[in-house]
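What follows is each chain in one-letter form.
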Amino acid sequence: MNPSIHSLMIHSRNTKRISLYVLYVEFYCTVECQRAHWSTHKTVCVKAPKSPTKGPLKVSEAFEQLRALKEKQQKAMQQNNTKSAIEIGKQALNVAIQLSGPVVDNELAQLYHNLSHLCINDQPPDREKAEEYGRQALKHSELDLKQASDNPSSLDLHSVILIAQANRRLEEGKLDAAEKATMRALEIAEEIFGNDDARLVKALRACAMLRERQENLPGACAYLRRAYECCLKQMGMMHPGVQQILDEYVMILTKSEKVDEALPLAQRAYDEVSSKSGPDSDIATDCASRLTTLLVKKGQLDEAEKMIQYVVDVRTKKFGPGNLHVAAAVASLGHVREQKGLYDAQTEGYLREAYRVFRSELGPGHPNARQCIAQVNAVRKKRIELGQKVEDEALEE
């Protein structure tokens, strides 16, 4: 077996210096296997740093190595290289575990939390590891708070870790456990930031998600309304985060059959964004798409068709006909025309065009593609009933 060795550092409490030891070793069954794994391993392989004096490393040098590993992990995350980010995180964790001092538990909590998040987002997700890392994150966050109970950054990290724990409990269907963690996270966030700060949004969204899972839609609406108002007050309508929260809020209002409340919000967003960034901007067309959905819900179909046709025209000019954003708008246009009772070749053509892009870019089994299949076949069937000449075959469902 051929070991690939990572040199890490062990802290000596007496000398307050760090000695170099081999701690992290990967074994391979053959040289060929080691070579085959190199493309993955090389992204996390870090040679042991040498002290300028060739003696034991100082604690500051250990923290410098930890900082470098965290930066490397962040870069891997930005490149969506989840597996590499996980390996780098494990290496950083092995460095941090050997240290001691007032900030170490905070470092460990962050590292464990990042690893838990990465394991959830890996393909396939490693939920068992995510849970294990999540428990360790919570443990070290609690130890960190014992040393600095009024430190805002420690409290904020604890709140974030609790939210992650609550999300895992929600996925398991353990709503009572999720409730406890979520409410505590919001309580901590309010303690740090007050009651109307945009930094409450993570906790407020978690509360809204919990209430939705509990089928308490009024409760979900209340939390999202508060999140939206906090964001809007501090960041303004043009901020992408505000638009994301507004999307979620409008969706819950619509689900709650409160379209009369949702429509003015969407109209205001579209008017303000269009006036500031121009009607052809990406953010304006996103707002127009949201508004179209609500106009359809209200039965204002002529306005809805005009609005979504403008989105199609702008996006096609900007991105070209094979783009997913264009396809989404084209599918919406076909849907609006279907709602208007326009069962003709043009409506079917829009839906087929959207389906071709969804199938090519997302795969035939994607929900968007499957929805288009059903709509194409429904329109085609209606056209035959109306005695129209239909040339294209039905799509296979």
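Our structure is the block above this text.
Cut-offs used in this document
- Residues numbered from 1 in each chain as written.
- Predicted model: local features only at pLDDT ≥ 70, side-chain atom pairs only at ≥ 80, totals over all residues.
- Heavy atoms only, no water.
- 1 Å grid on protein atoms, 1.4 Å probe; cavity = no way out; pocket = protein on both sides within 12 Å on 5 of 7 lines; lining within 4 Å.
- Points joined across faces, edges and corners; volume = space filled by probe spheres on them.
- Helix = DSSP H or I, 4+ residues; strand = E, 2+ residues; numbered from the N terminus.
- Nonpolar A, V, L, I, M, F, W, Y, C, P; charged D, E, K, R; others polar.
- Buried < 20%, exposed > 50% of the residue type's maximum accessible area, 1.4 Å probe, protein only.
- Polar contact = N/O pair within 3.5 Å; in protein donor to acceptor, adjacent residues only side chain to side chain.
- Contact = heavy atoms within 4.5 Å.
- Salt bridge = Lys/Arg side-chain N within 4 Å of Asp/Glu carboxyl O.
- Phe/Tyr/Trp six-rings, centres within 6.5 Å; stacked < 30°, edge-to-face > 60°.
- Lys NZ or Arg CZ within 6 Å of the ring centre and 35° of its normal.
- Expected span 1.5 Å × (residues − 1).
- Core = buried A, V, L, I, M, F, W, Y, C linked by side-chain atoms within 4.5 Å.
- Axes fitted to C-alpha atoms, helices over the stretch in contact; angles between N-to-C directions.
- Left-handed = near helix turned anticlockwise from the far one by under 90°.

Participant: I'd love a proper account of the layout of surface pockets, names of residues and values included.
Facilitator: Empty space within the largest pocket amounts to approximately 650 Å³. In terms of lining residues, the largest pocket is bounded by 23 residues, among which Ser289, Thr293, Ala328, Ala329 and Ser332 are the most central. For the lining of the largest pocket, the secondary structure elements donating two or more residues are helix H10 (240-255), helix H12 (282-297), helix H13 (301-319), helix H14 (324-339) and helix H16 (367-385). By residue class, the composition of the lining of the largest pocket is eight nonpolar, 10 polar and five charged. Empty space within the second largest pocket amounts to approximately 440 Å³. Along the walls of the second largest pocket sit 17 residues, with His113, His117, Ile163, Ala164 and Asn167 positioned nearest its centre. Mapped onto the lining of the second largest pocket, the elements with two or more residues apiece are helix H4 (104-121), helix H6 (152-171) and helix H8 (201-213).

Participant: Lay out the side chain of serine 116 with the relevant residues and their values.
Facilitator: Within the element layout of this structure, serine 116 appears in helix H4. On the basis of relative accessible area, serine 116 is assigned to the buried category, the value being 3%. Polar side-chain contacts of serine 116 include one of 3.5 Å to the side chain of arginine 168. Dropping the residues within four chain positions of it, serine 116 is found in contact with Ala130, Tyr133, Gly134 and Arg168.

Participant: So what about empty space enclosed by the protein? Which residues, and what values?
Facilitator: Applying the stated rule across the entire model yields one cavity of 30 Å³ or more. What the largest cavity holds in volume is close to 30 Å³. As for the largest cavity, its lining consists of Asp156, Ser159, Val160, Ile163, Ala189, Phe193, Arg199, Lys202 and Ala203. When residues of the lining of the largest cavity are assigned to their parent elements, the largest contribution, four residues, is made by H6. A per-class count over the lining of the largest cavity returns five nonpolar, one polar and three charged.

Participant: Any chance you could break down the pattern of salt bridges for me, citing the residues and the numbers?
Facilitator: For the structure on display, the rule yields 33 salt bridges. Here arginine 199 makes a salt bridge to aspartate 197, at a shortest N to O gap of 2.9 Å. A salt bridge links lysine 276 to glutamate 272, with the nearest nitrogen and oxygen atoms 3.1 Å apart. Taken together, the residues lysine 276 and glutamate 272, both in helix H11 (residues 259-277) and four residues apart, mark about one turn of the helix.

Participant: Outline the packing of aromatic side chains, listing residues and values.
Facilitator: Tallied over the entire structure, the rule returns three aromatic pairs. Over the ring of tyrosine 343 we find lysine 382; its NZ or CZ atom is 5.9 Å from the centre of that ring.

Participant: Any chance you could break down H16 for me, citing the residues and the numbers?
Facilitator: End to end, H16 covers 27 Å across 19 residues, agreeing with the expected 27 Å (1.5 Å per residue, within 8%). Among the residues of H16, those classed as buried are Ala369, Cys372, Ile373, Gln375, Val376, Asn377, Val379, Arg380 and Arg383. Packed against the buried residues of H16 are H14 and helix H15 (345-362). Positive phi shows up at glycine 387, right after H16, with a value of about 80°.

Participant: Summarise the environment of glutamate 179; cite the residues concerned and give the values.
Facilitator: Within the fold, glutamate 179 resides in helix H7 (residues 175-193). Accessibility expressed as a relative area gives 24% for glutamate 179, which makes it partly exposed. Here the alpha-carbon distance between glutamate 179 and leucine 210, two residues 31 residues apart in the chain, equals 7.0 Å. The residues touching glutamate 179, leaving out its near neighbours within four places in the chain, are Leu210, Arg211 and Gln214.

Participant: Outline the nonpolar core, supporting the account with residue identities and numerical values.
Facilitator: Counting residues in each nonpolar core, the largest one holds 103 residues, and the members touching the most others are Tyr228 and Tyr310. The contact partners of tyrosine 310, leaving out residues within four places of it in the chain, are Tyr270, Pro279, Asp280, Ala284, Thr285 and Ala288.

Participant: Mind laying out helix H3 (residues 82-97), listing which residues take part and the relevant values?
Facilitator: A rise of 1.5 Å per residue sets the reference length of H3, with its 16 residues, at 22 Å; its end C-alpha atoms lie 22 Å apart and thus fit the reference within 8%. For H3, the buried fraction is high: 12 of the 16 residues fall into the buried class. Buried within H3 we find Thr82, Ser84, Ala85, Ile86, Glu87, Ile88, Gly89, Gln91, Ala92, Leu93, Val95 and Ala96.

Participant: Quick rundown of the packing of H14 against H16? Include the residues and the values.
Facilitator: Between H14 and H16, the least distance of the axes is 11 Å, while the angle of their chain directions is 35°. Read as a crossing pair, H14 and H16 show a hand that is left-handed. On the side of H14, the interface is formed by Ala331, His335 and Glu338, while H16 contributes Cys372, Gln375, Ala378 and Val379. Class assignment of the residues belonging to the contact of H14 with H16 gives a composition of four nonpolar, two polar and one charged.

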